[in-house]
Amino acid sequence: MAQFTKKAIISTFLQLLNEHSLDKITVKDIVEKCGINRNTFYYYYKDIYDLIEDIFRIEIQAMHESSSGQIFFRDDLRKGVSLILDNKAAFAHLYHSKSKEVIERYLDNVSESFAKRFVEQKASELSIEDENDIRFVYEWYRFAISGVIIKWIQTANASDPETFIRKVADLYENTITEALLSTQKSKLNTPE
């Protein structure tokens, strides 16, 4: 029952956030639309910002739990940003509120998780073992991915989610090998 109530609160909040800016949403709005009392809300969350943090924590946990076996960048990207893609208006509202840092932290966490996994996988295939080079490349992709997602959120008439995911995945897939190999080339061209 507890998980059902939390899911109902989260779902109701996201629905309201897709319709209104964050500063227009109150705990009263959430509980009335959800059909619960205020005490129930406060049993789970101390305030709306705590609810926002929990939404991102749950999403990150779900992403990590679902990542196993053979991994494909496009599928992992879709999973990692599905909450945002499914609720673009809500996240635009969040981004333009005091909770901007929460979204940036979430995107950074998600981007780091799958950029690191995919760069390490490709580095292994290419027999690149230098941890500093691998870290440099996955951090490059981590910030590029989170930055382009933030820009997508900010753009009111941005491409549809599938086009966006395809473009990001294609760019990654067409550049990752060269990025890793360039770290090796730069070592060869560095004067001693």
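Residues numbered from 1 in each chain as written. Predicted model: local features only at pLDDT ≥ 70, side-chain atom pairs only at ≥ 80, totals over all residues. Heavy atoms only, no water.

(A) Structural view of the overall build of the chain. Broken down by element type, the chain carries nine helices and zero strands. Listed by position from the N terminus, the elements making up the chain come as α-α-α-α-α-α-α-α-α. Dimensions along the principal axes, computed over C-alpha positions, put the chain at roughly 70 × 35 × 30 Å. The burial tally for the chain puts 41% of its 192 residues in the buried class. (Helix = DSSP H or I, 4+ residues; strand = E, 2+ residues; numbered from the N terminus. Buried < 20%, exposed > 50% of the residue type's maximum accessible area, 1.4 Å probe, protein only.)

(B) Up close: the confidence of the model for the chain. The predicted model of the chain averages 85 in pLDDT, with 90% of residues at 70 or higher. When mean pLDDT is taken per element in the chain, helix α2 (residues 27-34) scores highest with 95 and helix α5 (residues 73-86) scores lowest with 80. (pLDDT = per-residue confidence, 0-100.)

(C) Quick look at the packing of helix α6 (residues 88-95) against helix α8 (residues 131-154). Running from N to C, α6 and α8 cross one another at 100°; their axes reach a closest spacing of 9 Å. On the basis of their axis angle, the class for α6 and α8 is roughly perpendicular. Counting all contacts with α6, which are made through Lys-88, Phe-91, Ala-92 and Tyr-95, the residues of α8 involved are Ile-150, Trp-152, Ile-153 and Gln-154. Taken together, the residues that form the contact of α6 with α8 break down as six nonpolar, one polar and one charged. (Axes fitted to C-alpha atoms, helices over the stretch in contact; angles between N-to-C directions. Parallel < 35°, antiparallel > 145°, perpendicular 65-115°, else oblique. Contact = heavy atoms within 4.5 Å. Nonpolar A, V, L, I, M, F, W, Y, C, P; charged D, E, K, R; others polar.)

(D) Examining helix α7 (residues 100-125) more closely. In a regular helix each residue adds 1.5 Å, so 26 residues correspond to 38 Å; α7 covers 37 Å between its end C-alpha atoms and thus fits that length. Every buried residue of α7 is accounted for by Val-102, Ile-103, Tyr-106, Leu-107, Val-110, Ser-111, Ser-113, Phe-114, Ala-115, Phe-118, Val-119 and Ala-123. Directly after α7, the chain includes Ser-127, whose backbone phi takes a positive value near 60°. (Expected span 1.5 Å × (residues − 1).)

(E) Spotlight on the nonpolar core. The biggest cluster of nonpolar side chains holds 60 residues, and the ones touching the most others in it are Phe-13 and Ile-153. Going through the elements one at a time, α1 (2-19), α2, α4 (48-66), α5, α6, α7, α8 and α9 (161-188) are the ones with two or more residues in this core. No other element matches α7, which puts 10 residues into this core. Residues in contact with Phe-13, not counting those within four places in the same chain, are Leu-22, Ile-25, Ile-30, Ile-48, Leu-51, Ile-52 and Ile-55. (Core = buried A, V, L, I, M, F, W, Y, C linked by side-chain atoms within 4.5 Å.)

(F) A look at the side chain of Asp-54. With respect to the element layout, Asp-54 can be found in helix α4. Judged by relative accessible area, which is 8%, Asp-54 ranks as buried. The residues touching Asp-54, leaving out its near neighbours within four places in the chain, are Lys-6, Ile-10 and Tyr-45.

(G) Structural detail: the pattern of salt bridges. One pass over the full model with this rule turns up 12 salt bridges. Counted as one network, the salt bridges with shared partners bring together Arg-74, Arg-166, Asp-170 and Glu-173. (Salt bridge = Lys/Arg side-chain N within 4 Å of Asp/Glu carboxyl O.)

(H) Main features of the packing of α1 against α2. Orientation of α1 relative to α2, taken along the N-to-C sense of each, is 115°, at an axis distance of 9 Å. You can see that α1 and α2 cross each other, and the crossing is right-handed. Facing Ala-8, Ile-9, Thr-12, Phe-13, Gln-15 and Leu-16 of α1, the residues of α2 in contact are Asp-29, Ile-30, Lys-33 and Cys-34. When grouped by side-chain class, the residues that make up the contact of α1 with α2 number six nonpolar, two polar and two charged. (Left-handed = near helix turned anticlockwise from the far one by under 90°.)

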